[in-house]
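# Remarks on the overall topology
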Amino acid sequence: MDELDLERLRTPLPPLSYPEGFRSGFACFVGRPNVGKSTLMNALVGQKVAITSNRPQTTRRTVRGIVHRPDSQLIIVDTPGLHKPRTLLGERLDSLVRSTLVEVDVIGFCVPADEPIGRGDTYIARELAAQRDTPVVALVTKTDKATREQVAEQLLAVQELGGWTDIVPVSAENGENLDRAADVLCGHLPEGPPLYPDGDLTDEPDEMLVAELVREAALEGVRDELPHSIAVMVDEMGPREGARQGRELTDIYASLYVERPSQKAIVIGAKGERLRRVGTAARKQIEALLGTRVYLDLRVRVAKDWQRDPKQLRRLGFDQQT
């Protein structure tokens, strides 16, 4: 993946009519793994642009979601969870998060309402304290999973973690305080014209979104040690020639990579049943994304210890900058 370059993305669009005082810019969500960063971004954007899972380290790339408002345009950069790296891939993801922090206009520090403050939260709070030139908004997520008393206690606990510019409790599931969170984040953006055309919700290419939707489906129901070992690449994708008008069909050929033959057997399942379920679940999501019928061909391949192999990482799209 190319190096993240938000300055290049700040090039304004051709002159458009926008109100005086319009704001536009970038925010990033950070937090330990599995605190609801991607789910919150999807809710603010209003459409699924990042995959979600209850598995840690689901997000491996920076995904940009675009929130259009009458007075502002907020581009959210969803990042992998900050954690102690154990592999070369983990080191590159950690580096990617840190490089993103210094390029955005505002940082959203996500802490779940239904879990006590842990060492991971404290570690990230210390890291964010070093970002003296960038405002940090603490977002207490998953309030729908906590009682009012728990939310109140968590707000106090988060306040003690650092000197945040704002603290906002929010639920992506039931929409509680979503508008408030957007108001606060947009309030820290600089004045300027929109950076993306109205209607654009992400700048991710369709092939990347398709690969992520396949990986999301593959993550469901696998054993604990397997999720980090799954990578997906779209080998070929395009409209099928000769399809009738109104019955457009997109052909997609994708490969799921694992690190060991034993993992390949897990993904495929008995008589291929599990892989068929993955294909069915992924195809429904992809058809909703592309707006056409989809023929999806999935193959499972072994790339031995790819998370620790620089050559394999590059081949799978995780270069030095990820």
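The coordinates are above.
Residues numbered from 1 in each chain as written. Predicted model: local features only at pLDDT ≥ 70, side-chain atom pairs only at ≥ 80, totals over all residues. Heavy atoms only, no water.

## Concerning the pairing of strand β8 (residues 249-258)
Judged by how many residues are buried, β8 sits mostly within the fold: 9 of 10 residues are covered. As judged from the 10 bridges shared by β8 and strand β9 (residues 293-302), these two strands associate in the parallel manner. Paired with serine 255 across the two strands is arginine 299, which belongs to β9. (Buried < 20%, exposed > 50% of the residue type's maximum accessible area, 1.4 Å probe, protein only. Helix = DSSP H or I, 4+ residues; strand = E, 2+ residues; numbered from the N terminus. Pairing = 2+ DSSP bridges.)

## A few points about the pattern of salt bridges
Tallying each qualifying case throughout the model produces 7 salt bridges. The salt bridge partner of arginine 32 is glutamate 115, with a shortest N-O separation of 3.0 Å. With arginine 32 in the loop between β1 (23-30) and α2 (37-45) and glutamate 115 in the loop between β4 (106-112) and α4 (119-129), this pair connects stretches of sequence that are 83 residues apart. The buried category is assigned to arginine 32, whose relative accessible area is 16%. Across the pair arginine 69 and aspartate 183 runs a salt bridge whose closest N-O atoms are separated by 2.8 Å. Residue arginine 69 is found in strand β2 (residues 63-69), and its partner aspartate 183 is found in helix α6 (residues 178-186); the two are separated by 114 residues along the sequence. Bridged by salt links that share partners, the residues Arg32, Glu115 and Asp121 form one connected network. (Salt bridge = Lys/Arg side-chain N within 4 Å of Asp/Glu carboxyl O.)

## Regarding the nonpolar core
The biggest cluster of nonpolar side chains holds 25 residues, and the ones touching the most others in it are Phe29, Leu40, Leu44, Leu74 and Leu139. Going through the elements one at a time, β1, α2, β2, β3 (72-78), β4, β5 (136-141) and α6 are the ones with two or more residues in this core. With 6 residues, the single largest contributor to this core is α6. Beyond its immediate sequence surroundings of up to four residues, leucine 139 is in contact with Phe29, Leu40, Gly108, Phe109, Cys110, Val111, Val168 and Ala181. Counting residues in each nonpolar core, the second largest holds 24 residues, with Cys28, Val104, Ile107 and Val158 among its members. (Core = buried A, V, L, I, M, F, W, Y, C linked by side-chain atoms within 4.5 Å. Contact = heavy atoms within 4.5 Å.)

## Topic: helix α9 (residues 273-290)
The first and last C-alpha atoms of α9 sit 26 Å apart over 18 residues, in line with the 26 Å expected at 1.5 Å per residue. Listed as buried for α9 are Arg274, Leu275, Val278, Gly279, Ala282 and Ile286. Positive phi appears at glycine 291, one or two residues downstream of α9, with a value of about 75°. (Expected span 1.5 Å × (residues − 1).)

## So, the sheet that holds β8
Across the sheet, which stays open at both edges, the 3 strands sit in the order β7-β8-β9 with mixed pairing between neighbours. The two strands at the open ends of the sheet, each matched to only one other strand, are β7 (231-239) and β9. Direction aside, neighbouring strands of the sheet carry axes that sit 15° apart on average. With respect to the sheet, helix α8 (residues 261-268) is in contact with β8 and β9, its orientation differing from that of β9 by roughly 155°. (Axes fitted to C-alpha atoms, helices over the stretch in contact; angles between N-to-C directions.)

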